[in-house]
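Residue-level listing of the chains:
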Amino acid sequence: MRIIFSRKGFDSSAGGGPSPIVEVAGRTGAHRPITLPIPDSKGASRTTYDDLGLGDHAAKASRGKLSGKDLCHNDPMFLADGTCAFGQCGAAQTHLERQGVGIGDVFVFFGLFAEPETGEPHHRIFGYLRAEKINHLAAGVPKELRDLDHPHAIAMHASNDAIWRGEGQVAARACDALRLTIPGGPPSIWHRPKWLKHGGLSYHDRAERWLPGGRLQSVARGQEFVADIGRRKAPRDWLAQVIALIKQT
């Protein structure tokens, strides 16, 4: 089995700033992360930020560079039936294939967010997808994906374009246990799970990335970081806890 740490959403280059964490209406002290899809750069979207109810958030996070009328790359797409559709292509899709990622593996989506009180930027987990089906779009695009207006179904992004589908959900709460960045940051320094060791995460082979005190210097760029956990119990327990926290209302 493999766990894929999958970077998605706004950051300093894609969008211009971190996604927000907002107060939950009617629940004092409760907050939830709102992941902002990156702007559409390929003309392969029919969805605006206003369509998703994110116009004001996109304008604020981008410092006015974007508005609710701008088209966005709505991906991963979390659906009302408790599933997720996630498109990948190019070098990132090739990396997933070379790492042996397939049915039964789990994508753990993370992104850059701003703490609600301080504005501190940090990485946090905001959703997951358990892969149950892979649609290789060169072989044809299923009607249900076209009907969803998924950006990868609207137009091919690369010859190896694929949409991963399965059980998935976005987090309803911004709990501390889903935060990856160590207290005080910077965002790229993570408090890594105890089961994650040097040599166990793709793109993170350099020994100097694995810092004392259970910390990890995550790479600055890249989308899909793969951990092959085999049949080990500790990472499976960690993953089960993460999914339970994501599902918590």
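If you're wondering where the values come from, they're calculated on a predicted model, not measured in any experiment.

### A few points about the overall build of the protein chain
Looking only at helices and strands, the protein chain has 5 helices and 13 strands in total. For the protein chain, the spread of C-alpha atoms along the three principal axes comes to 45 × 45 × 30 Å. Across the 249 residues that make up the protein chain, the buried fraction comes to 51%. For the protein chain, contacts bridging at least 24 residues in sequence account for 68% of all contacts bridging at least 6. Surface summary for the protein chain: the accessible area is close to 11700 Å², and the carbon and sulfur share equals 51%. If the 32 positive side-chain charges of the protein chain are averaged to one point and the 26 negative ones to another, these points end up 6 Å apart.

### Some thoughts on unusual backbone geometry
Trans is the prevailing form of peptide bonds, just as negative phi is the prevailing case for residues other than glycine. A cis geometry characterises the amide bond from Asp75 onward to Pro76, with omega recorded as 5 degrees. Among the secondary structure elements, Pro76 is positioned in the loop between helix H1 (55-61) and strand E4 (77-78). Cis rather than trans, the peptide bond between Gly185 and Pro186 has omega equal to 5 degrees. Checked against the element boundaries, Pro186 lands in the loop between strand E9 (162-170) and strand E10 (189-191). Even without glycine at this site, Tyr203 takes up a positive phi of about 70 degrees. Judged by relative accessible area, Tyr203 falls into the partly exposed class, the value being 46%.

### Digging into the packing of aromatic side chains
If you walk through the whole model with that rule in mind, you get 14 aromatic pairs. Between Phe5 and Trp238, the aromatic rings sit 5.7 Å apart at their centres with planes inclined by 40 degrees, giving tilted as the arrangement. Here Phe5, found in strand E1 (residues 2-7), pairs with Trp238, found in helix H5 (residues 233-247); they are 233 residues apart in sequence, far enough to count as distant. Owing to a relative accessible area of 1%, Phe5 belongs among the buried residues under this scheme. Residues Phe107 and Phe109 carry aromatic rings whose centres are separated by 6.2 Å and whose planes lie at 15 degrees to one another, so their mutual orientation is stacked. Among the aromatic residues, ring-to-ring pairing joins Phe5, Phe110, Trp190, Trp195, Tyr203, Phe225 and Trp238 into one connected group.

### Quick notes on the pairing of strand E13 (residues 224-228)
The buried count for E13 comes to 4 of 5 residues, which makes it a mostly enclosed element. The sheet contact formed by E1 and E13 spans 5 bridges and is antiparallel. Looking across to E13, one finds that Arg2 is bridged to Asp228.

### A word on the pattern of salt bridges
All told, the structure shown has 13 salt bridges when counted by the stated rule. Lys233 is the salt-bridge partner of Asp237, the closest N and O atoms lying 2.5 Å from each other. Here Asp237 pairs with Lys233, and both are found in helix H5, just 4 residues apart, close to one helical turn. Taking relative accessible area as the criterion, Asp237 reaches 39% and is therefore assigned partly exposed. Given a relative accessible area of 59%, Lys233 falls into the exposed group. In this structure, a network of salt bridges that share partners links the residues Glu115, Glu120 and Arg179.

### So, the side chain of Arg124
Within the secondary structure, Arg124 is located in strand E7 (residues 121-130). Here Arg124 occupies a buried position and makes no salt bridge, while the nearest side chain of opposite charge, Glu115, is found at 4.3 Å. Here the side chain of Arg124 touches His122 through a polar contact of 3.1 Å, side chain to side chain. At 3.0 Å, the side chain of Arg124 forms a polar contact with the backbone oxygen of Cys175. When sequence neighbours within four positions are dropped, the list of residues in contact with Arg124 reads Ile21, Pro33, Phe109, Phe110, Gly111, Phe113, Glu115, Ala174, Cys175, Leu178, Arg179 and Leu180.

Conventions adopted
Residue numbering note: each chain is counted from 1, following its sequence as written. In keeping with the model being predicted, local features are shown solely for residues with a pLDDT of at least 70 and side-chain atom pairs are shown and tallied solely at 80 or more, while totals for entire chains, interfaces and linings include all residues. Only hydrogens and water are set aside; all other atoms, that is, all heavy atoms of the structure, feed into the side-chain values. Helix and strand definitions here come from DSSP, where helices need a minimum of 4 consecutive H or I residues and strands a minimum of 2 consecutive E residues; each element is numbered from the N-terminal end. Buried residues are those whose accessible area, probed at 1.4 Å on protein chains only, stays under 20% of the maximum for their type, while exposed residues exceed 50% and partly exposed ones sit between those limits. Should any heavy atoms of two residues lie within 4.5 Å, those residues are counted as being in contact. Method for areas: the Shrake-Rupley scheme with a 1.4 Å probe, in which residue coverage is limited to the protein chains shown. Charged residues are defined here as Lys and Arg on the positive side and Asp and Glu on the negative side; His and the ends of the chain fall outside this count. Here the site of a charge means atom NZ of a Lys, CZ of an Arg, CG of an Asp or CD of a Glu. By convention, a stacked pair of Phe, Tyr or Trp rings (six-membered ring in the case of Trp) has centres within 6.5 Å and planes under 30 degrees apart, an edge-to-face pair has planes over 60 apart, and any other such pair is tilted. Pairing between strands requires that DSSP locate at least two bridges from one strand to the other. Salt bridges are identified by distance alone: a Lys or Arg side-chain nitrogen within 4 Å of an Asp or Glu carboxyl oxygen. Residues adjacent in sequence count toward polar contacts only when both atoms are side-chain atoms; beyond that, a polar contact is any pair of N or O atoms within 3.5 Å, and within protein one must be able to donate a hydrogen and the other to accept it.

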